[in-house]
Amino acid sequence: MVEASGDTIRGLVKHREGKSIYKSFFFKKDTNADMTEYSPESVVAYGFTNGSQLERKQLTDKKGNVLTAFAEVLVRGRLNLYQYQNQLYLAKQGEALMPLQKDEQNANSTKHLILINSLTLDCPVPEEHLAKMLNKISTQRMVEVVENYNNCVSPNNSITYNADKPWTTVEKGLSVSTHTATLDFNTGSHSLEQATFSQSQNLVFGAFFNIAFPRTSQRLSLQLEPLYSQEKHQGYAAVQEAQVKHQTDYSIAIKRLAIVSMGRYQLAQLAAFTPYLGVGLTSNIILSGQAIARIETESMINDTRHIETSITDEFLDSNLKKLYLVPTVAVGTGYQISDKHTMQFQIRYDLSQLSPGNKKDTSRSSTQLNSNNSIYLTAAYIFR
Amino acid sequence: MNFIKKISLFLLLAIGVCLGACTQEDVSPTRDYYQLDTHSASNVAASSATFSATILNAGTEPIIEHGFVWAKTKPYLGLQTAQAVNLGKKSESGYFTADVQHTFDRNVVYYVRPFVKTGTTLVYGQMISFKAP
């Protein structure tokens, strides 16, 4: 960190994500020292070796408030590019930060392009670069624009921080899971909704993708998992009428494609372990549902108990709802076995009971299948 | 930091244990009567057919009669109203079969189902159909 006096002190900065990095940071000189929080009032700049650099700047935020905060330096040169929260700023050397923003009331606003042009008159930005930013200000494109300008006006005099980090990385892998769930049906058409299903287990095979954005965040990423499973569930229902008792055993086979989309937050990087938390949505697509109901009807005829057996496969009809979304939460960890081999282990829970109040809604025309207490235990191999 | 390391190790362990040890419960209660599963009729000819079935579980009473009943109509297909073959007592559950000599009408659908009778209970298996060639 750089103190107000201009002295540079080397030490350890606690890693944080989000808006807090612009307000303050925690610093200690060595591992045994106590952490101290520093704000822009007492420190000129702070940063990470070969990583992000933040400088104290006076700026105008998106709401129009003028404030002093740490702004991250994305590109340094004759023209500087800064970021404060999700707002980009341009500034010539030694000059004030100018917010780079579109007029939110006017979709056709070119205010940001005018600012770029005015600051790069001595080495104009090519039209095709500007055209790409007509509708949206992209951080990646702005970095390229400022780099190009700096190299144009003063070759080899532009520094882009985190330049060695890609904007996007994708981890790919294959996974195998055990899926534990208990079925539950919402239907107005059959005694199926009275059935109790046992907790069943099945194997799930799938792919694993973790899309990270190293320049934007070192901890947040997007995890996608397409999963395919063939499940077998056993259920039972008993209905007692005046003279007759019906006992039904259900056997249901389901082919399911689940697509999990989760925001993932990495807790830490601990030697070989990289534990994380995830929150998102699971899209369950029921590819097919086959079911057999074995109905045993018991009655008394002439003092003899009669049991009549019938078997039907017609109760889980084409009205089975084919797609449903459920929230999902996960905790897991990556484990680096060697330089080339990484495994990932995860426990994920689908929160399937979205609307318990509608459970016995007899007006439903479709059969809603819920997988209660749906837990996935996953092991994935990550390709390098 | 040690805490997170321990959590990671716990996750590894939990997954390993559950992959191998989790079992499935059975929600269907054990019946005190014999349950039957009917198999397809085989060797069906104009004057004969082979019927087979399996007793799925052990009942609480001895079997005093077992066999098959068949007819052209579904309703009331039972010992009192249909053709029957009675194989008598049976000491244990499992597979049983009967070669039936009977003149079946050609191209007519027949229905057949097995039965098991104890001192207090008469159980019929599910009905299946067949057609004589």
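Residues numbered from 1 in each chain as written. Chains lettered and ligands numbered in written order. Predicted model: local features only at pLDDT ≥ 70, side-chain atom pairs only at ≥ 80, totals over all residues.

**Some details on the pairing of strand 20 (residues 342-350) of chain A**
Residue and element names in this part refer to chain A. Summarising the sheet, strand 19 (residues 323-336) and strand 20 pair through nine bridges and their orientation is antiparallel. Across the sheet, the residue bridging to T333 is F345, located in strand 20. From the end of strand 19 to the start of strand 20, which pair antiparallel, there are five residues. (Pairing = 2+ DSSP bridges. Helix = DSSP H or I, 4+ residues; strand = E, 2+ residues; numbered from the N terminus.)

**Quick notes on the sheet that holds strand 1 (residues 36-38) of chain B**
All names here are of chain B. Ordered in space as 1-2-5, the three strands form an open sheet in which the pairing is antiparallel. Each edge of the open sheet is held by one strand with a lone partner, namely strand 1 and strand 5 (94-101). Shown here is a sheet whose adjacent strand axes are inclined to one another by a mean of 25°, direction ignored. As paired strands, strand 2 (residues 48-55) and strand 5 are joined by eight bridges and run antiparallel to one another. For S52, the partnering residue across the bridge sits in strand 5 and is T97. (Axes fitted to C-alpha atoms, helices over the stretch in contact; angles between N-to-C directions.)

**What to know about unusual backbone geometry**
Residues other than glycine predominantly adopt negative phi, and peptide bonds predominantly adopt the trans conformation. All names here are of chain A. Its identity is not glycine, yet Q85 carries a phi of approximately 50°, on the positive side. Tracing the chain through its elements places Q85 in the loop between strand 8 (79-84) and strand 9 (87-92). By the C-beta count within 10 Å, which is 13 here, Q85 ends up partly exposed. Look at D303: it is not a glycine, yet its phi comes out positive at around 65°. Its 6 C-beta neighbours within 10 Å are what place D303 among the exposed residues. (Buried ≥ 20, exposed ≤ 12 C-beta atoms within 10 Å, placed from the backbone.)

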